[in-house]
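What follows is each chain in one-letter form.
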Amino acid sequence: MTDVFYFTGTGNSLAVARDICDELNGRLSAIPAELKQETIATEAETIIIVFPVYNHIFPFIIRRFINRFKDIVEKRIYAVCTFGDSPGIALELLDTALKEMRTRLSGGFSVKMPYNYVTPPKSFKKFFGRFKLRENDEKEQKRQFMAWKEKLPEIIKYIRGNETGRIEREYVLIERLLDILNLRDTLQKKTWLKIAGYRGKTDRPLIEAVQLFDYGFHTDDKCTSCGICEKVCPVENISLENSSPRWLHHCEQCFACLQWCPEHAIQFREGTKGLERYHHPDINLPDIINSH
Ligand SMILES: Cc1cc2nc3c(=O)[nH]c(=O)nc-3n(C[C@H](O)[C@H](O)[C@H](O)COP(=O)(O)O)c2cc1C
């Protein structure tokens, strides 16, 4: 028996998790829903964790998920990350986190998918306020979805064969240097907090400081108070107060609220207004609402 656990904001990781689950005849579970239980447990011998890469590492919710997982040392664990630019060493970092829990990743795979976050401007002027949503070229998206379908059998064969040892990664030296010099929890964290418009200080490491990046969200006058943002948020980080969404600062920064808003009324600083929203074409709003 195989359990496939996933976390997603815009559906890329759900589409990947579904395909893997169908091939392996496994059971699909949403990580935010699992986290509502005191302990997470399964009879399955193999578990597969599917998640998006955030800021070159794995999302904070994945750390909470593995910490809560009962008898994780007895499981064969595989992971699949989706990413827009590069998987970096996100899978290796997950392996390290598991090593601290006296277990290991048996294998880790990466899947290139459309990028759903903001990226820096070409010019340095107004650097911190102007991170923009990336426009995803349709042809390129189709190519990425096809490449995933071509890669799928390879991953399935690996997992079915109980193979171990393969962890996909890129830019290993640079990424490891970031950790050696502690630049993720200093420079990278400070930069992103500033981009999000957070004015305070925090001792939390980058992986956790992401919860404060929701200071960057606001609504514009197109908001109809429909409440979809509240419904798609996987971690109940949005509450509608006086008909307006309020972000509660335990955000996963999945961008579901911004990307699924039917009016495109949710903005992140100055870099998202008037730009196309993205979600995986095979994933719809009820799929996302049911993902937690
Ligand atoms: C907060 C955040 C940070 C991200 N950081 C990275 C990154 O460091 N490298 C990368 O290649 N893609 C990054 N992405 C892009 C996502 O990993 C990618 O689009 C992913 O497939 C989204 O998955 P989902 O649709 O399941 O949410 C980031 C996305 C978000 C929302």
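As a starting point, this report considers the structure included with it. (Residues numbered from 1 in each chain as written. Predicted model: local features only at pLDDT ≥ 70, side-chain atom pairs only at ≥ 80, totals over all residues. Heavy atoms only, no water.)

## Focus on the packing of aromatic side chains
Consideration 1: Evaluated as defined, the whole model comprises 15 aromatic pairs.
Consideration 2: A centroid spacing of 6.2 Å and a plane angle of 85° characterise the contact between Tyr 78 and Tyr 158, whose relative ring orientation is edge-to-face. Here the residue Tyr 78 occupies a position in strand S4 (residues 76-83), and Tyr 158 occupies one in helix H5 (residues 138-160), the gap between them amounting to 80 residues.
Consideration 3: Relative accessible area serves as the criterion here: at 0%, Tyr 78 is assigned to the buried category.
Consideration 4: A centroid spacing of 4.8 Å and a plane angle of 75° characterise the contact between Tyr 117 and Phe 255, whose relative ring orientation is edge-to-face. Placement of the pair is Tyr 117 in the loop between strand S5 (105-112) and strand S6 (118-119) and Phe 255 in the loop between strand S11 (244-247) and helix H10 (256-260), with a sequence separation of 138 residues. For the residue pair Tyr 117 and Phe 255, the accessibility class agrees, reading buried in each case.
Consideration 5: An aromatic cluster of three or more residues is present, and its members are Tyr 117, Phe 131, Trp 192, Phe 213, Phe 217, Trp 247, Phe 255 and Phe 268.
Consideration 6: Positioned above the aromatic ring of Tyr 115 is the side chain of Arg 134, whose terminal nitrogen or guanidinium carbon lies 4.0 Å from the ring centre. (Phe/Tyr/Trp six-rings, centres within 6.5 Å; stacked < 30°, edge-to-face > 60°. Helix = DSSP H or I, 4+ residues; strand = E, 2+ residues; numbered from the N terminus. Buried < 20%, exposed > 50% of the residue type's maximum accessible area, 1.4 Å probe, protein only. Lys NZ or Arg CZ within 6 Å of the ring centre and 35° of its normal.)

## Notes on helix H4 (residues 90-100)
Consideration 1: For H4, the buried fraction is high: eight of the 11 residues fall into the buried class.
Consideration 2: Residues of H4 that are buried: Ala 90, Leu 91, Glu 92, Leu 93, Leu 94, Asp 95, Ala 97 and Leu 98.
Consideration 3: Just downstream of H4 lies Arg 102, where phi reads positive at about 65°.

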